[in-house]
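Overview (structure and organization)
Each chain, letter by letter, is given below.
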Amino acid sequence: MELIETITVGSGGVASVTFSAIPATYTDLRLVTSLRGTGTGTDTRIDFNGLTTNQSQIMSRGNGVAASSVTEANFYGIQVTSSQTANTFSNGELYIPNYAGANNKSFSQTDVQETNANGAWMYLSALLWSSTAAITSIKFAPGAGNFAQFSSLSLYGIKST
Amino acid sequence: MTHPKSIEVNCTTGEVVERELTAAEMEQRVIDAAAYAIEKAEQEAEATAKANAKASGDAKLLALGLTAEEIAAR
């Protein structure tokens, strides 16, 4: 596994982080995220190649109070919100096999808010991007608000040989 | 007035560009945030309706003579 790029958000926060011009030289991609938002929304939008279409996410989720399963027409990850414990972040991972192939892209996600309290969300998801295009860019943006300072996102490439 | 910034890293060259959102991107951001709020409110309402229906059904089953354990085991 090889680190391709890491972004750490600076003071003032940012509205989005994009990994672009992802080389097609790996077999799989792994994204590791640590996110905190400046707003009250828990969700982080994830888009491939600048497109918000053909996305499906089957998610099991819980927060220590309730659990449910939902199907989303968008890709969502988790961030810690501004109203949760200070200086805590989410831990998230996306694993995208065969990202440069010519088939639809099935991938997986695990995401947890570090806040160890009722109301802290955790997601476990199977996702599908119905596109035969190679994934060349990945964008993360909060559902509302900005990513807070010290949020970080790392993109790794994995080769099978 | 300053706009929020975005970061884009070119994974081929390593170049990192941090810039303010354009006016068009700001407009889209407002639209996206509104759509997100509506979607989440709809999900919340659906979950609440489901929980209420379950509670109502459970109460009727209790009235019919089922035990709480029998209801939970369904």
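Everything below is about the structure printed above this text.
No experiment lies behind these values; they were computed from the predicted model shown.

A word on the overall build of chain A. A tally of helices and strands in chain A yields zero helices and 12 strands. When the helices and strands of chain A are placed in sequence order, the string is β-β-β-β-β-β-β-β-β-β-β-β. The C-alpha radius of gyration of chain A comes to 15 Å, within 12% of the 15 Å expected for a compact globule of 161 residues. Viewed in the frame of its principal axes, chain A has a C-alpha envelope of about 40 × 35 × 30 Å. Of all 161 residues assigned to chain A, the portion counted as buried reaches 42%. Looking at chain A alone, contacts between residues at least 24 apart form 79% of all its contacts between residues at least 6 apart.

What follows concerns the sheet that holds strand β2 (residues 16-20) of chain A. Reading across the sheet, the six strands line up as β7(A)-β4(A)-β11(A)-β2(A)-β1(B)-β2(B) and stay open at both edges, with mixed pairing between neighbours. Sheet topology places β7 (75-78) of chain A together with β2 (16-20) of chain B at the edges, where each strand pairs with a single neighbour. The mean inter-strand angle of the sheet, taken between neighbouring strand axes irrespective of direction, is 20°.

A separate point is helix α1 (residues 23-64) of chain B. For an α-helix, the turn length of 3.6 residues means that residues three or four places apart are oriented alike. Residue and element names in this part refer to chain B. The terminal C-alpha atoms of α1, which comprises 42 residues, lie 62 Å apart, in line with the 62 Å expected from a rise of 1.5 Å per residue. Of all the 42 residues making up α1, one are buried; the element is thus mostly uncovered. Once α1 finishes, Gly 65 follows within two positions and takes phi at roughly 110°, a positive value.

Bringing the interface of chain A and chain B into the picture now. Contacts between the two partners involve 20 residues from chain A, matched on the other side by 16 residues from chain B. When residues of the side of chain A that touches chain B are traced back to their parent elements, those giving at least two are β1 (2-8), β2 and β6 (67-72) of chain A. Ranked by residues supplied to the side of chain A that touches chain B, first place goes to β2 of chain A with five residues. Across the side of chain A that touches chain B, the residue classes break down as 12 nonpolar, seven polar and one charged. In this sheet, strand β1 (residues 5-10) of chain B lies alongside β2 of chain A in parallel orientation, the contact comprising five bridges. Its bridge partner lying in β1 of chain B, Thr 18 of chain A is registered against Glu 8 of chain B.

All names here are of chain A. Taking strand neighbours across the sheet as the criterion, the eight strands line up as β1-β12-β3-β8-β9-β10-β5-β6 in an open arrangement whose pairing is antiparallel. Each of the sheet's edge strands pairs with one partner strand only, and the pair in question is β1 and β6. Strand-to-strand twist across the sheet, computed as the mean angle between neighbouring axes with direction ignored, equals 10°. In this structure, strand β9 (residues 105-113) lies alongside strand β10 (residues 122-129), joined through eight bridges in antiparallel fashion. Bridging across to β10, Thr 110 finds its partner in Leu 124.

Right, let's talk about unusual backbone geometry for a bit. All names here are of chain A. At Asn 49, a position not held by glycine, the phi torsion is positive, near 55°. Locating Asn 49 in the fold gives a position in the loop between β4 (43-48) and β5 (55-62). Phi is positive for Phe 150, which is not a glycine, with a value near 80°. On the basis of neighbour counts, which here come to 15 C-beta atoms within 10 Å, the residue Phe 150 falls in the partly exposed class.

This paragraph deals with the environment of Val 112 of chain A. All names here are of chain A. Mapped onto the elements of the fold, Val 112 is located in strand β9. For the pair formed by Val 112 and Thr 25, sequence separation is 87 residues and the distance between their alpha carbons is 30 Å. Excluding anything up to four places from it in sequence, Val 112 contacts Ile 78, Ser 90, Asn 91 and Met 122.

All names here are of chain A. Residue placement: Trp 121 occurs in the loop between β9 and β10. Here Trp 121 falls in the buried class, since 20 other C-beta atoms lie within 10 Å of it. A C-alpha to C-alpha distance of 9.1 Å links Trp 121 and Gln 79, two positions 42 residues apart in sequence. Those residues in contact with Trp 121 that lie beyond four places of it in its chain are Thr 42, Arg 61, Asn 63, Ile 78 and Gln 113.

Calculation criteria
Residues numbered from 1 in each chain as written. Chains lettered and ligands numbered in written order. Predicted model: local features only at pLDDT ≥ 70, side-chain atom pairs only at ≥ 80, totals over all residues. Helix = DSSP H or I, 4+ residues; strand = E, 2+ residues; numbered from the N terminus. Rg over C-alpha atoms; globule rule 2.2 N^0.38 Å. Buried ≥ 20, exposed ≤ 12 C-beta atoms within 10 Å, placed from the backbone. Contact = placed C-beta atoms within 7 Å. Pairing = 2+ DSSP bridges. Axes fitted to C-alpha atoms, helices over the stretch in contact; angles between N-to-C directions. Expected span 1.5 Å × (residues − 1). Nonpolar A, V, L, I, M, F, W, Y, C, P; charged D, E, K, R; others polar.

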